[in-house]
Amino acid sequence: MYNAKAYSAANETSPLAPATIPRRDPTEHDVQIEILFCGICHSDLHSVRNEWSELMPTVYPIVPGHEIVGRVTNVGSAVTKYKLGDLAAVGCMVDSDGTCFQCKASLEQFCPNLTLTFNSPDKHLGGVTYGGYSDSIVVDERFVLRVPTKLDLAGAAPLLCAGITTYSPMRQRAITKGKKVGVVGLGGLGHMGVKFAHAFGAHVVVFTTSPDKKEDALRLGADEVVVSRNVDEMRNHAGSFDFILDTVSADHDINAYLNLLSRDGNITLVGAPAKPLGVSALSLIMGRHSLSGSMIGGIAETQEMLDFCGEHNITADVEVIPIQKVNEAYERLLRIDVKYRFSIDMASLKSE
Ligand code: NAP
Ligand code: ZN
């Protein structure tokens, strides 16, 4: 065991502050990574503030962070895929049983014995796992991903959650040229959803509550932008979408979007507001619409997504911040004031 530097929160109302946390010494299958950048996902904020207390209560202290990019500093004797100095990445998961039907289907994210990167029981050290707001992490090589070397690292970090979470449902729904795709909410997830839908050749419409994001949405790859509070603009798209990806982090009217689906159209929720959404039965029944959800993606699909990003030079649009600004960044996330992902430069942790 060794000590690592980190930022942690002591309870649901306290800010994140410098802390020392234990990390295990690498076992034979482990990769030790010096963390260079870690994205700030809205899930970090939901978790730090215990907003999902019913399903996933937070255990304190919490060290969030699951959009991790860094460099390999040590490998166990049985590690075959990574060597010292390699770039490496870690997303939302660090372990699963590897034997259940979900794991066998490469859907580790649904494994009943999944270990999340933070706030999951830690099989090695007891307590809970600690995430990427830290200077290093030790992870089984099965859960370590390869980062295409040509990508900007600060912008690559958010691919590990925002990237795969938006890539996966669109791949599962076979989004290609000829499909009309909506993306609701232009935040961290939403802006990645726009980039992928555009790269897959779809006609992309962004729904935003922020009229000042219109130009950015078009630059990111949208073909049209709708200000969702404008009823007339919404009505113009009634009954026309094959697929809508809903990335909104707060309470909103899902029926307004169900009514925009064409026959057999689907809305996939990836945003996870704390409060239940009120779904009108008629909005589903009329047009045989469906509403579903999606959670990150399996390890193989995450690697596929990273390779796709390497080929198409796709990264997140990031504002790089030192870790000392993390609490301010959370407040700005809540004010919808981020373009479009914060990425923490972990070199800033050295001065703590
Ligand atoms: P984010 O960067 O804060 O973006 C959320 C966006 O939603 C905002 O930029 C805003 O877009 C819109 N929005 C916010 N409040 C709103 C409101 N009251 N009404 C309508 N729209 C509102 O968050 P994120 O990191 O992308 O995460 C989004 C959600 O996905 C979070 O709930 C997060 O926990 C969840 N998530 C799920 C998964 C998964 O596996 N399913 C993975 C990661 C994250 P506009 O300004 O364009 O309206
Ligand atoms: Zn996330």
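One can find the structure itself at the top, above this paragraph.
To start, this report covers the structure provided alongside it. (Residues numbered from 1 in each chain as written. Chains lettered and ligands numbered in written order. Predicted model: local features only at pLDDT ≥ 70, side-chain atom pairs only at ≥ 80, totals over all residues. Heavy atoms only, no water.)

Here we come to the coordination of the zinc ion (ligand 2). Only Cys-41 (SG), His-66 (NE2) and Cys-161 (SG) from the protein reach the zinc ion (ligand 2) as donors, at distances of 2.0 to 2.2 Å. Counting along the primary sequence, the residues that act as donors to the zinc ion (ligand 2) give the motif C-x24-H-x94-C. Here Cys-41, found in the loop between strand E3 (30–40) and helix H1 (42–48), pairs with His-66, found in the loop between H1 and strand E4 (68–75); they are 25 residues apart in sequence, far enough to count as distant. There is no split in this pair, since Cys-41 and His-66 are both buried. (Donors = N, O, S within 2.8 Å, 3.2 Å for Na, K, Ca; no water. Helix = DSSP H or I, 4+ residues; strand = E, 2+ residues; numbered from the N terminus. Buried < 20%, exposed > 50% of the residue type's maximum accessible area, 1.4 Å probe, protein only.)

Bringing helix H4 (residues 162–172) into the picture now. With nine of 11 residues buried, H4 lies mostly within the body of the structure. Regarding H4, the residues found buried are Ala-162, Gly-163, Ile-164, Thr-165, Thr-166, Tyr-167, Ser-168, Pro-169 and Met-170. Next to the buried residues of H4 lie strand E9 (180–184), helix H5 (188–199), strand E12 (241–246), strand E13 (261–269), helix H10 (299–312) and strand E16 (341–345). Phi turns positive, to about 50 degrees, at Ala-174, one or two residues after H4. (Contact = heavy atoms within 4.5 Å.)

Taken as a whole and assessed by the stated rule, the structure comprises zero disulfides. Left without a disulfide partner, Cys-103 is nearest to the cysteine sulfur of Cys-100, which lies 3.7 Å away. For the unlinked cysteine Cys-309, the closest cysteine sulfur is that of Cys-161, found at 13 Å. (Disulfide = S-S within 2.5 Å.)

Glancing now at the packing of H4 against H10. In contact at an axis separation of 10 Å, H4 and H10 are set at 100 degrees when each is read in the N-to-C sense. With respect to each other, H4 and H10 are oriented roughly perpendicular. Listed contacts from H10 to Gly-163, Ile-164, Tyr-167, Ser-168, Arg-171 and Gln-172 of H4 are Glu-301, Thr-302, Glu-304, Met-305 and Phe-308. The residue makeup of the contact of H4 with H10, split by class, is four nonpolar, four polar and three charged. (Axes fitted to C-alpha atoms, helices over the stretch in contact; angles between N-to-C directions. Parallel < 35°, antiparallel > 145°, perpendicular 65-115°, else oblique. Nonpolar A, V, L, I, M, F, W, Y, C, P; charged D, E, K, R; others polar.)

The local shell around ligand 1 holds 30 residues, among which Thr-208, Thr-209, Ser-210, Lys-213 and Arg-341 are the closest. Separating an oxygen atom of ligand 1 from a backbone N or O atom of Leu-189 is a distance of 2.8 Å. Measuring from an oxygen atom of ligand 1, one finds a side-chain N or O atom of Thr-209 at 2.6 Å. Alone, ligand 1 offers 920 Å² of accessible surface; in the complex the protein occludes 90% of this. Among the elements that make up the shell around ligand 1, the one with the highest residue count is H1 (three residues). Here the residues of the shell around ligand 1 sort into 13 nonpolar, 14 polar and three charged. (Near = heavy atom within 4 Å. Polar contact = N/O pair within 3.5 Å; in protein donor to acceptor, adjacent residues only side chain to side chain. Areas by Shrake-Rupley, 256 points an atom, 1.4 Å probe, with all protein chains shown as cover.)

Attention now goes to the nonpolar core. Grouped together as the largest cluster of nonpolar side chains are 98 residues, with contacts concentrated most on Ile-40, Tyr-133, Leu-159, Met-170 and Phe-196. A per-element tally of this core places E3 first, with six residues. Grouped together as the second largest cluster of nonpolar side chains are 14 residues, Met-234, Phe-241, Ile-254 and Leu-260 included. (Core = buried A, V, L, I, M, F, W, Y, C linked by side-chain atoms within 4.5 Å.)

The next point concerns unusual backbone geometry. Of the consecutive residues Tyr-60 and Pro-61, the connecting peptide bond is found in the cis state with omega at 0 degrees. By secondary structure assignment, the location of Pro-61 is in the loop between H1 and E4. Lys-339 connects to Tyr-340 through a cis peptide bond whose omega is -10 degrees. The topology assignment puts Tyr-340 in the loop between helix H11 (326–334) and E16. One non-glycine residue with positive phi stands out, namely Asn-50, at about 55 degrees. Note on placement: Asn-50 falls in the loop between H1 and E4. At Asp-264, a residue that is not glycine, the phi angle is positive and equals roughly 65 degrees.

Okay, the side chain of His-289 next. For His-289, the position within the fold is in the loop between helix H9 (281–285) and strand E14 (290–293). A distance of 3.4 Å separates a polar atom in the side chain of His-289 from the backbone oxygen of Ser-262. When residues no more than four places from it in sequence are discounted, the contact partners of His-289 are Leu-258, Leu-261, Ser-262, Asp-264, Gly-265, Ser-283 and Leu-284.

Its place among the elements puts Ile-21 in strand E2 (residues 17–23). Spatially, the C-alpha atoms of Ile-21 and Ile-33 are 15 Å apart, while their sequence positions differ by 12 residues. With sequence-adjacent residues up to four places away left out, Ile-21 is seen in contact with Tyr-2, Asn-3, Ala-4, Ala-6, Val-63, Tyr-130 and Ser-134.

Take the sheet that holds E12 next. As a general point, the strands of a sheet are linked pairwise by backbone hydrogen bonds and lie either parallel or antiparallel. Here we have six strands laid out as an open sheet, ordered E11-E10-E9-E12-E13-E14, and parallel in their pairing. The sheet terminates laterally at strand E11 (224–227) and E14, the two strands that pair on one side only. Sheet twist, expressed as the mean angle between neighbouring strand axes with direction ignored, is 20 degrees. Where strand E10 (residues 203–208) and E11 come together, four bridges link them in parallel fashion. Note on E11: the bridge partner recorded for Val-206 is Val-225. (Pairing = 2+ DSSP bridges.)

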